[in-house]
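# Summary of structural features
As a plain string of letters, each chain reads:
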Amino acid sequence: MRIVFFGTPDFAVASLEALIDANFTVVAVVTAPDKPAGRGQQIQASPVKIFAESKNLPVLQPLKLKDPEFLEELKSYRADLQVIVAFRMLPESVWNMPPLGTFNLHASLLPNYRGAAPIHWAVINGETETGVTTFFLQHEIDTGDLLFQEKEAISPTDSTGDLYERLMKKGAQLVVKTAKAIQDHTIQAQPQIMTGDMKPAPKLHRATGEVHWSKTGQEIVNLVRGMHPFPGSHTQFQGKNCKLIQVEFHPEVIPDLGIGVWDSDQKTFLRVGCADGYIQILEWQMEGKKRMKIADFLRGYSFTF
């Protein structure tokens with residue numbers, strides 16, 4: 001069975017490596033074009049491209065997925081199956097090309113958390129469980145027939161980064177399981193069952209990470225966990241933007257510590273009132289400063305309320 005693999009970030013590298021380790025025949029890899037990244041804006045290849053080239057696999061980097069030259073080149077690899085992990089939306093001319101179809105790995109238990117940021121939103125919404133799903137592609141994004149799912153617990157202290165690592169590994173094994181079932185003709189696809197209370201996972205924006213102190217303490221903690229390590233939650237302190245890294249909720253009402261009111265002994269703690277108690281800042285990064293534990297920050301920064 002000849003496979004063409006589509007993916008871009010390190011999340012996809014784990015699945016590509018797992019397919020190769022399971023002795024599947026990956027005949028080509030499709031990934032995003034090289035682009036500027038980092039402070040120096042140096043041109044960088046995607047993690048998938050770097051890994052694919054280390055395995056001497058042909059790499060395709062189309063600017064446009066409907067480009068006739070790309071479609072002809074893709075067709076020349078005579079793929080029986082295409083596997084998609086963390087790649088952009090495909091046109092039908094691509095996903096409908098191989099005879100055994102095209103399947104995608106998604107980092108949620110579909111039909112919940114369809115969209116661009118399923119791991120982030122599961123944590124932000126305070127879920128205690130998520131997972132990974134493989135499904136056949138069809139026209140609408142993340143709506144195709146389900147193949148396999150694996151669940152993963154979310155602990156109260158998990159950040160998106162923690163969950164990302166575990167789902168990356170679990171997803172890679174699910175990709176192999178799905179490819180084997182397709183190769184053995186034992187796959188049984190099931191349509192997604194739509195309900196009225198499905199939760200979406202839209203693209204994240206800067207406004208998504210803004211902390212509103214009028215929220216409950218648990219909602220704020222979940223937002224900070226869900227936006228860490230990227231793109232980060234943020235607030236304003238003394239006129240400066242601060243990225244929150246770790247916070248702690250205390251369900252204790254302190255006189256004069258109202259919603260959005262800051263308080264500190266300027267030695268050991270910095271806290272701010274929220275809807276049902278207060279949030280204690282444990283670690284953050286102030287604009288123009290390095291990441292710091294709050295006690296270290298307080299030792300080097302003087303302020304008055």
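Since this is a predicted model, take the numbers as computed values, not measurements.

### Some remarks on the UniProt feature "binding site: (6S)-5,6,7,8-tetrahydrofolate" (unreviewed entry) in the protein
Summarizing the sequence annotation, UniProt attributes the feature "binding site: (6S)-5,6,7,8-tetrahydrofolate" (unreviewed entry) to S108, L109, L110 and P111 in the numbering used throughout. With respect to the helices and strands, L110 occurs in the loop between strand 7 (102-106) and helix 5 (118-124). Setting aside anything within four residues of it in sequence, one finds L110 in contact with T133, F135, D142, L146, Q149 and Q192. For P111, a relative accessible area of 17% gives the class buried. For P111, the contacting residues outside a window of four places in its chain are Q192, I193 and M198.

### Quick notes on the layout of surface pockets
Estimated volume of the largest pocket: approximately 1400 Å³. If you go around the largest pocket, you meet 48 residues; those closest to its centre are P9, A86, A116, A117 and P118. Mapped by element, the contributors of at least two residues to the lining of the largest pocket are strand 6 (81-85), strand 7, helix 5, helix 6 (160-183), strand 10 (233-237) and strand 11 (240-250). With 4 residues, the top contributor of residues to the lining of the largest pocket is helix 6. Approximately 290 Å³ is the volume attributed to the second largest pocket. For the lining of the second largest pocket, the secondary-structure elements that each account for two or more residues are helix 7 (217-226) and strand 11. Examining the composition of the lining of the second largest pocket, we find that 5 residues originate from one element, strand 11, more than from any other. The residue inventory of the lining of the second largest pocket, partitioned by class, reads 7 nonpolar, 4 polar and 4 charged.

### Observations regarding the environment of E140
With respect to the secondary-structure elements, E140 resides in the loop between strand 8 (129-136) and strand 9 (146-153). For the pair E140 and F103, spaced 37 residues apart in sequence, the C-alpha separation works out to 14 Å.

### Observations regarding the side chain of K49
Note that K49 resides in helix 2 (residues 47-54). One polar contact links K49 to Q61, side chain to side chain, over a distance of 3.0 Å. Setting aside anything within four residues of it in sequence, one finds K49 in contact with T31, D34, V59 and Q61.

### Comments concerning helix 2
Every buried residue of helix 2 is accounted for by V48, K49, F51 and A52. Along helix 2, the residues classed as buried sweep out an arc of 165° about the axis, all on the same side. Those residues of helix 2 that are buried lie in contact with strand 1 (2-7), helix 1 (10-21), strand 2 (25-30) and strand 5 (59-60). Two residues or fewer after helix 2 comes N56, characterised by a positive phi angle close to 60°.

### Observations concerning the nonpolar core
The biggest cluster of nonpolar side chains holds 67 residues, and the ones touching the most others in it are L19, F237, I281 and W284. No other element matches the 9 residues that helix 6 contributes to this core. Sequence-distant contacts of W284, that is, excluding residues within four places in its chain, are made with F237, C242, K243, L244, I245, W262, L270, K290, R291, M292, I294 and F297. Within the second largest apolar cluster, 21 residues are counted, among which are F70, W95, F135 and L146.

### Description of the packing of aromatic side chains
Aromatic ring pairs: the centre-centre distance and the angle between the two ring planes describe each pair. Tallying each qualifying case throughout the model produces 12 aromatic pairs. Look at F6 and F87: their rings are 5.6 Å apart centre to centre, the planes differ by 70°, and that puts the pair in the edge-to-face class. Here the residue F6 occupies a position in strand 1, and F87 occupies one in the loop between strand 6 and helix 4 (92-95), the gap between them amounting to 81 residues. In terms of burial, F6 and F87 fall into one category: buried. The side chain of K177 reaches across the aromatic face of F148, ending 4.5 Å from its centre. Across from the ring centre of Y278, 5.1 Å away, lies the NZ or CZ of R271, which sits over that ring.

### Side note on the pairing of strand 6
In terms of burial, strand 6 is largely enclosed, as 5 of its 5 residues are buried. Of the two faces of strand 6, the one lined by L81, V83 and V85 and the one lined by Q82 and I84 are each fully buried. Looking at chain direction, strand 1 and strand 6 are connected through 5 bridges and run parallel. Counterpart to V4 in the pairing with strand 6 is Q82. Here strand 6 pairs with strand 7 via 4 bridges, running parallel. Note on strand 7: the bridge partner recorded for I84 is N104.

Calculation rules
Residues numbered from 1 in each chain as written. Predicted model: local features only at pLDDT ≥ 70, side-chain atom pairs only at ≥ 80, totals over all residues. Heavy atoms only, no water. UniProt positions renumbered as here; feature names shortened; annotations may be inferred. Helix = DSSP H or I, 4+ residues; strand = E, 2+ residues; numbered from the N terminus. Contact = heavy atoms within 4.5 Å. Buried < 20%, exposed > 50% of the residue type's maximum accessible area, 1.4 Å probe, protein only. 1 Å grid on protein atoms, 1.4 Å probe; cavity = no way out; pocket = protein on both sides within 12 Å on 5 of 7 lines; lining within 4 Å. Points joined across faces, edges and corners; volume = space filled by probe spheres on them. Nonpolar A, V, L, I, M, F, W, Y, C, P; charged D, E, K, R; others polar. Polar contact = N/O pair within 3.5 Å; in protein donor to acceptor, adjacent residues only side chain to side chain. Arc of directions from axis to C-beta. Core = buried A, V, L, I, M, F, W, Y, C linked by side-chain atoms within 4.5 Å. Phe/Tyr/Trp six-rings, centres within 6.5 Å; stacked < 30°, edge-to-face > 60°. Lys NZ or Arg CZ within 6 Å of the ring centre and 35° of its normal. Pairing = 2+ DSSP bridges.

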